[in-house]
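# Summary of the model geometry
What follows is the residue order along each chain.
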Amino acid sequence: MTPSTIELRPTAEDRRIARHAAAAIVLTVAEAAIPLPLPGVKPGLANIVTLIVLARWGWREAVWVSLLRVLAGSLLLGQFLAPGFFLSLSGALASLLVLGLAMHLPRRWFGPVSHSILAAFAHIGAQLVVARLWLVPHDGVFYLLPVFALAAVVFGLVNGLVAARLLAELSPERGDPRPLAPAAPSAPAGDSPER
Amino acid sequence: MSLDAARWRALLRPGDVLLVVAGLALCAYAVVALWRGGAPDGAVVRAGGRVVAEVDLSRERLIEVSGPLGVTVIEIRPGRARVASDPGPRQYCVRQGWLTQAGAVAICAPNEVSLSLTGRAADYDSLNY
């Protein structure tokens, strides 16, 4: 193989983001295999990774991981630039904004479960608005709001609990991010960091 | 990873519980606000094309309407209405029974009387016969 003339030096942060994004992408792809009763109602397991990254490494890395997951996940599932991609993207952006605010709530009272539920509601909120304005220009989409809201509460709670449990077992002060999710594959060696 | 309930509960902070409850309350509110569209809130009685009575469905009453064949009796109960009796030969509108959905219509064509229920969101945009 010809040695590349461009040398990219991935920092520790780059590797960490790539590793977490890879874990999130695995969860996205795995989740796509689960049959679901209604389009749009998804557990959103990849958000567990976003929550963990948010709690351990801050908002900026959570944004990277979440957006890389949306992009790569859609490419892998053949959804890139399809309506589903824009729904994912709008949901991810809205939940990241809400997470950025929610992480400043008092830690004593609000944990990852709160973050998860608030982000889930931001997610469905943004998706419904995009769907209403663009995909289904009719107020009928709001008819499904109770279903989406219930899904947000249930999956928000479950994802938040799993994230809280993983965070507790990771013991945040240890500083070694390697043992993340059970399914986390390490990023391929020599993989160029996304920039 | 065990499914020990106490350990999972220890991960919940007070605000988390509050948010779960608030989320469920929002769901319940959304169901009530968005899914009761089919419930009727009033009834309109027409004879010969003209509106002869416009009533709400809050209390019981009988409405008598006269047409070319005789008197049609409309019975109103809370949340529903029906044609109780009609002089028409085939009794279709009487046999239709209680109307309970917004937009539902019973027509006694021979006597030129119709009963229709109104509501915030009817199940039908229009009906053709």
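Residues numbered from 1 in each chain as written. Chains lettered and ligands numbered in written order. Predicted model: local features only at pLDDT ≥ 70, side-chain atom pairs only at ≥ 80, totals over all residues. Heavy atoms only, no water.

Take the overall build of chain A next. Looking only at helices and strands, chain A has 6 helices and 0 strands in total. Ordered by position in the sequence, the α and β elements of chain A form the string α-α-α-α-α-α. Here chain A, with 195 residues, has 44% of them falling under the buried criterion. As presented, chain A carries roughly 10400 Å² of accessible surface, and 68% of it is formed by carbon and sulfur atoms. (Helix = DSSP H or I, 4+ residues; strand = E, 2+ residues; numbered from the N terminus. Buried < 20%, exposed > 50% of the residue type's maximum accessible area, 1.4 Å probe, protein only. Areas by Shrake-Rupley, 256 points an atom, 1.4 Å probe, with all protein chains shown as cover.)

Turning next to the packing of aromatic side chains. Residue and element names in this part refer to chain A. In the structure shown here, the tally under the stated rule is 3 aromatic pairs over all chains. When the ring of Phe85 is compared with that of Phe86, the centres are 5.2 Å apart and the planes differ by 75 degrees; the resulting orientation is edge-to-face. Residue class for Phe86 comes out partly exposed when judged on its relative accessible area of 31%. Between Phe86 and Trp134, the aromatic rings sit 5.6 Å apart at their centres with planes inclined by 85 degrees, giving edge-to-face as the arrangement. Taken together, the positions of Phe86 in helix H4 (residues 83–102) and Trp134 in helix H5 (residues 112–135) put the pair 48 residues apart, joining distant regions of the chain. (Phe/Tyr/Trp six-rings, centres within 6.5 Å; stacked < 30°, edge-to-face > 60°.)

All names here are of chain B. The strand order across the open sheet formed by 3 strands is S3-S4-S5, and the pairing between neighbours is antiparallel. The sheet is open, and its two edges are formed by strand S3 (61–66) and strand S5 (80–85), each paired on a single side. Across the sheet, the mean angle from the axis of one strand to that of its neighbour is 25 degrees, orientation sign disregarded. (Pairing = 2+ DSSP bridges. Axes fitted to C-alpha atoms, helices over the stretch in contact; angles between N-to-C directions.)

This part is about the sheet that holds strand S7 (residues 113–118) of chain B. Residues and elements named next belong to chain B. Read across the open sheet, the 4 strands follow the order S2-S1-S7-S6; overall the sheet is antiparallel. Two strands lie at the open edges of the sheet, namely strand S2 (50–56) and strand S6 (105–108), each paired on one side alone. Going across the sheet, the axis of each strand differs from the next one's by a mean of 15 degrees, ignoring polarity. Sheet analysis places strand S1 (residues 42–47) next to S7, joined by 6 bridges and oriented antiparallel. For Ala43, the partnering residue across the bridge sits in S7 and is Leu117.

Attention shifts here to helix H2 (residues 46–57) of chain A. Residues and elements named next belong to chain A. When the terminal C-alpha atoms of H2 are compared, their 16 Å separation across 12 residues agrees well with the 16 Å that a helix rising 1.5 Å per residue should span. Of all 12 residues making up H2, 9 are buried, and the element is well covered by its neighbours. Every buried residue of H2 is accounted for by Ala46, Ile48, Val49, Thr50, Leu51, Ile52, Val53, Leu54 and Arg56. If you follow the buried residues of H2, they end up packed against helix H1 (12–32), helix H3 (59–76), H4, H5 and helix H6 (145–170). (Expected span 1.5 Å × (residues − 1). Contact = heavy atoms within 4.5 Å.)

Counting all residues, the mean pLDDT for chain B is 86, and 88% of those residues have values of 70 or more. Predicted confidence in chain B is weakest over helix H1 (residues 5–9) of chain B, with a mean pLDDT of 83, and strongest over strand S4 (residues 71–77) of chain B, with 93. (pLDDT = per-residue confidence, 0-100.)

With that settled, consider the state of the cysteines. All names here are of chain B. Scanning the model with the defined rule gives 1 disulfide over all chains in all. Covalent S-S linkage joins Cys93 and Cys108, the inter-sulfur distance amounting to 2.0 Å. Taking the sign of the S-S torsion, 105 degrees for the link of Cys93 and Cys108, the bridge is right-handed. Of this pair, Cys93 sits in helix H3 (residues 92–95) while Cys108 sits in strand S6, placing them 15 residues apart in sequence. The same class applies to Cys93 as to Cys108, namely buried. (Disulfide = S-S within 2.5 Å.)

This part is about the nonpolar core. Counting 22 residues, the largest nonpolar core has A:Val49, A:Ile52 and A:Val65 as the members making the most contacts within it. Sorting the residues of this core by element identifies H1, H2, H3 and H6 of chain A as the ones contributing at least two each. A total of 7 residues in this core trace back to one element, the largest contributor, which is H2(A). Listed in part, the 20 residues of the second largest apolar core include B:Ala53, B:Val65, B:Val83 and B:Cys108. (Core = buried A, V, L, I, M, F, W, Y, C linked by side-chain atoms within 4.5 Å.)

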